[in-house]
Amino acid sequence: MKTQNPIITVNEFEGQKLKIAGGNYRVIISGKQTNGEYAVIEMSVPPGAGPNPHSHADFTETFFVLEGEVSFKSELGSYVAKKGSFVNIPKGGIVHGFKNLSNEPAKLLCTVAPAGLDDLFGEIAEYLERVSSNTESQTKEKLNFLFEKYGQQMFPPDYLD
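The structure reproduced in this document is the subject of the present report.

What counts and what doesn't
- Residues numbered from 1 in each chain as written.
- Predicted model: local features only at pLDDT ≥ 70, side-chain atom pairs only at ≥ 80, totals over all residues.
- Heavy atoms only, no water.
- Helix = DSSP H or I, 4+ residues; strand = E, 2+ residues; numbered from the N terminus.
- Contact = heavy atoms within 4.5 Å.
- Phe/Tyr/Trp six-rings, centres within 6.5 Å; stacked < 30°, edge-to-face > 60°.
- Buried < 20%, exposed > 50% of the residue type's maximum accessible area, 1.4 Å probe, protein only.
- Pairing = 2+ DSSP bridges.
- Polar contact = N/O pair within 3.5 Å; in protein donor to acceptor, adjacent residues only side chain to side chain.
- Core = buried A, V, L, I, M, F, W, Y, C linked by side-chain atoms within 4.5 Å.

By secondary structure assignment, the location of Leu117 is in helix α1 (residues 117-130). Other than its neighbours up to four places away in sequence, Leu117 contacts Ile41, Phe59, Glu61, Cys110, Val112 and Gln152.

Each aromatic ring pair is summarised here by two numbers: the centre-to-centre distance and the angle between the ring planes. Summed over the entire model, instances satisfying the criterion amount to five aromatic pairs. Seen from their ring centres, Tyr25 and Phe121 are 5.2 Å apart, and the 75° between their planes marks the pair as edge-to-face. Note that Tyr25 is positioned in strand β2 (residues 23-29) and Phe121 in helix α1, a separation of 96 residues in sequence. The exposure class assigned to Phe121 is buried, which follows from its relative accessible area of 11%.

Burial analysis of strand β9 (residues 96-100) places four of its five residues in the buried class, the great majority of the element. Looking at chain direction, strand β6 (residues 69-74) and β9 are connected through five bridges and run antiparallel. Bridging from a neighbouring strand, Val70 pairs with Asn100 of β9.

By secondary structure assignment, the location of His56 is in the loop between β4 (54-55) and β5 (60-67). The exposure class of His56 is buried, given its relative accessible area of 2%. Of note is the side chain of His56, whose polar atom sits 3.5 Å from the backbone oxygen of Phe59. Polar side-chain contacts of His56 include one of 3.3 Å to the side chain of His96. The residues touching His56, leaving out its near neighbours within four places in the chain, are Glu61, Ile89, Gly92, Gly93, His96, Gly151 and Gln152.

What follows covers the nonpolar core. Counting 32 residues, the largest nonpolar core has Ile41, Met43, Phe63, Phe98, Leu108, Leu117 and Phe121 as the members making the most contacts within it. Among the elements that make up this core, the one with the highest residue count is α1 (six residues). Here Phe121 is in contact with Leu18, Ile20, Tyr25, Ile41 and Met43, once residues within four sequence places are set aside.

Below, the discussion takes up the pairing of strand β10 (residues 106-113). Every second residue of β10 is oriented toward a common face, the buried set being Ala106, Leu108, Cys110 and Val112 and the non-buried set Lys107, Leu109, Thr111 and Ala113. One ladder, built from seven bridges, connects strand β3 (residues 39-45) with β10; its direction is antiparallel. Bridge pairing links Met43 to Leu108 in β10. As paired strands, β5 and β10 are joined by seven bridges and run antiparallel to one another. Bridge assignment links Phe64 to a residue of β10, and that residue is Leu109.

Now for the environment of Glu69. Among the secondary structure elements, Glu69 is positioned in strand β6. Glu69 gets classed as partly exposed once you look at its relative accessible area, which sits at 35%. Sequence spacing of Glu69 and Glu104 is 35 residues, and the spatial spacing of their C-alpha atoms is 8.5 Å. In this structure Glu69 touches Val80, Ala81, Lys82, Asn100, Leu101, Ser102 and Ala106, once residues within four positions along its chain are discounted.

Right, dumping it as structure tokens:
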């Protein structure tokens, strides 16, 4: 009896492509492929873009900067992450966010453990793709529902200033 190969390989064209947060994200490895242990997401972040301050108590989030320069801010300080830099946001709910402050797109490799952020991004992208007539308040209400569903707490854009 032949056992299934547990090694996962993904080429540069594979993975779930999502339009989210003003950028293009690619779920390289989803939680469905790892029994929920982790997910790996490639994030292409346009100049000036990035998530508002947020926290998540139940998973670790890491970022490796592949291209560009991103400013990470948290309750504990700030850090400018350039190509080759690594940022680890541990479990526990530290409020954090990042912005691409450069004039070029930044590319980040994000790993979350356990998985779940990949599903959140998938639901947000699907929702934004199919709605066009919703008001801004309806969209905000739906996004807040999804953030809460996946254990994210959102803060105002100027929360860490």
